[in-house]
Amino acid sequence: MIEPNRTEWQVRCAFNAFCKRVLKNEAINIYNERRQQQAKEMTFSDLTPQEENQLFTLDKQYEGEEGQSFQVAGKKITPKLLAEALHNLPIEKRKTVLLYYFFDKSDVEIAELLEIPRSTVQYRRTSSFKRLKRFLEEHADDWDD
């Protein structure tokens, strides 16, 4: 069968109808997928206390484990002692130490973040290190984990 030549307008109309049909079918697919997903989901407020408790765990890595401590220069250092040493630092120095040692920030990045001079960051970091060392040396034997 030979099809008669279509005019440009007819081709545009056919393509337009095709595009609309594709979009409508895609919208139907998305709607159906979303409805199926919602049927499987549940809000937190609908959970029972037992189900809520299954959604998280507590990290008990350092609770009562003797193997987690380590010896340095004859002193026993425990995670609790180290946490107490950090807690005893003034808040400004603690922020600097945490950002530098635990978040791997440079002095320049910390200075920009805290809006202070870089030299102040360096001073806080080095003086905090000395203070932590002194605290750990003084209290290492007092803590039994």
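Okay, so let's go over this structure. Keep in mind that what you see is a predicted model, and the values were worked out from it rather than measured.

**Focus: the pattern of salt bridges**
Where side chains of opposite charge bring their charged atoms close, a pairing between them can arise. The full count for this structure, using the stated rule, is 2 salt bridges. Here Arg12 ties to Glu8 by a salt bridge, and the two come within 3.2 Å at their closest N and O atoms. With a gap of 4 residues between them, Arg12 and Glu8 both fall in helix α1 (residues 8-40), about one helical turn apart.

**Thoughts on a nonpolar patch on the surface**
A grouping of Tyr101, Phe102, Phe103 and Phe129 is seen on the molecular surface, where their side chains present a nonpolar patch of about 500 Å² in accessible area. Inspection of the secondary structure assignment puts Tyr101 in helix α4 (residues 91-102).

**Comments concerning the environment of Thr120**
By secondary structure assignment, the location of Thr120 is in helix α6 (residues 118-139). Sequence spacing of Thr120 and Asp107 is 13 residues, and the spatial spacing of their C-alpha atoms is 9.1 Å.

**Some words on the layout of surface pockets**
Roughly 400 Å³ of volume is contained in the largest pocket. Taken together, 15 residues make up the lining of the largest pocket; nearest its centre are Leu82, Phe129, Leu132, Lys133 and Leu136. Of all elements in the fold, only β1 (70-72), β2 (75-77), α3 (79-87), α4 and α6 reach the threshold of two or more residues within the lining of the largest pocket. In terms of residues, the lining of the largest pocket owes the most to one element, α6, which gives 5 residues. Residues that form the lining of the largest pocket fall into these classes: 12 nonpolar, no polar and 3 charged.

Cut-off values and rules
Residues numbered from 1 in each chain as written. Predicted model: local features only at pLDDT ≥ 70, side-chain atom pairs only at ≥ 80, totals over all residues. Heavy atoms only, no water. Salt bridge = Lys/Arg side-chain N within 4 Å of Asp/Glu carboxyl O. Helix = DSSP H or I, 4+ residues; strand = E, 2+ residues; numbered from the N terminus. Patch = residues over 30% accessible without salt bridge, like charges linked within 9 Å, V, L, I, M, F, W, Y side chains within 5 Å. Areas by Shrake-Rupley, 256 points an atom, 1.4 Å probe, with all protein chains shown as cover. 1 Å grid on protein atoms, 1.4 Å probe; cavity = no way out; pocket = protein on both sides within 12 Å on 5 of 7 lines; lining within 4 Å. Points joined across faces, edges and corners; volume = space filled by probe spheres on them. Nonpolar A, V, L, I, M, F, W, Y, C, P; charged D, E, K, R; others polar.

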